[in-house]
Structure formats: C-alpha cells, structure tokens
Amino acid sequence: MMKKGNIDWDPNVFEGLYKRITGKVWENRNVISTTQVFEMEDAEIALIAYGSEVRPCLDAMALARDKGMKVGVMKLEGVWPVPEEAIRDVAKNVRAVISVEMNIGKYAKVIERVCGGLCETARATINRGRIHLPQELLNVIEKVWS
C-alpha cells in the first residue's frame, strides 16, 4: 500500500511520517546534494561555495593560480542535506578550506563542523546584498596562504 504525505497530527503517526521522509532524504543524500570540483587535483586551498558565489570563486582561483597558489573550488549544488562526505574528502586533501558565502556565515559553521580539524578553515563572508569581487576573495586566499 502506498503511503500518502498527508499530515495526521496524532503524535505517533506524525513521528512515523517524519522518520519515513527524513529516511528517504538520508538514503538519497548523494543524489540530492551533489558537488562539482575545479582544479582540486593539486589544490592546497579549497574555496567552498554555492549559488552566485561560485563564479567569483572561479575567477579568484584563476588569479591565485596565476600567482603560483594552488587553489581549487568546490561548488555545492545543494546545501541540504549537507554533502558531508564530499566536503570531508576535500578537507582531507588540502591545507585549508575557505567557506565563501553571501551571508553572515551560517553555512560556514556547517563547513567548519564537517572539516572537524582535518585542515585549517577560514571564512569569506559578506552580508551587503552583493556577491564577492574576485579580488576580495584573493585577499582572503593570500592571508590563508601565507
């Protein structure tokens, strides 16, 4: 029998529905939360970003590589469920991860938790209603690189 997604406010029924739905998400997390990586083969620093912040990250990566800094980018194609395995794999292979977001750093906290001491972490956050300029990100990269 196919279960429907209607909410029954009986606590036991509600809990069962919640567990079923979150279980589906967990089982399919690698399909739902995909990532792309750019220039990560030799990267020592990884920029992790999502949405409109990815483009300035790619530009900053190119600027940094022109200066001899081995920088890569991980693009999160979805932020929930958190692609923990992918982030952790990056953290294991770099010296530092820089969380880039057009926010006050809420997702940066998630990335820092997932990295869990595997590498240094830093933030490039901006909460001014605009995306980062590549030079702003390069400034953060240079501080972390030194």
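Scroll up for the structure.
Scope of this entry: the structure provided in the associated data block. (Residues numbered from 1 in each chain as written. Predicted model: local features only at pLDDT ≥ 70, side-chain atom pairs only at ≥ 80, totals over all residues. Heavy atoms only, no water.)

### Observations regarding the overall build of the chain
- Broken down by element type, the chain carries six helices and five strands.
- Along the first, second and third principal axes, the C-alpha atoms of the chain reach 60 × 30 × 25 Å.
- Sorting the 146 residues of the chain into buried and exposed places 37% on the buried side.
- Counting contacts in the chain only where the partners sit at least 6 residues apart, residues at least 24 apart contribute 72% of the total.
- Within the structure as shown, the chain displays about 8800 Å² of accessible surface, and the carbon and sulfur contribution to it stands at 53%.
- Where the 21 positive side-chain charges of the chain centre and where its 20 negative ones centre are 4 Å apart. (Helix = DSSP H or I, 4+ residues; strand = E, 2+ residues; numbered from the N terminus. Buried < 20%, exposed > 50% of the residue type's maximum accessible area, 1.4 Å probe, protein only. Contact = heavy atoms within 4.5 Å. Areas by Shrake-Rupley, 256 points an atom, 1.4 Å probe, with all protein chains shown as cover. Lys, Arg positive; Asp, Glu negative; His and termini not counted. Charge placed at Lys NZ, Arg CZ, Asp CG, Glu CD.)

### A short note on the pattern of salt bridges
- Within the structure shown, the criterion is met by nine salt bridges.
- Between aspartate 42 and arginine 65 there is a salt bridge, with the nearest N and O atoms lying 2.6 Å from each other. Separated by 23 residues along the polypeptide, aspartate 42 in the loop between strand 1 (35-38) and strand 2 (45-50) and arginine 65 in helix 3 (residues 54-66) bring together distant segments of the chain.
- For arginine 65, a relative accessible area of 24% gives the class partly exposed.
- For the salt bridge of arginine 123 with glutamate 112, the shortest nitrogen-to-oxygen distance reads 2.8 Å. With arginine 123 in strand 5 (residues 120-125) and glutamate 112 in helix 5 (residues 106-115), this pair connects stretches of sequence that are eleven residues apart.
- Salt bridges here are not isolated pairs; linked through shared partners, they connect Glu84, Arg88 and Arg113. (Salt bridge = Lys/Arg side-chain N within 4 Å of Asp/Glu carboxyl O.)

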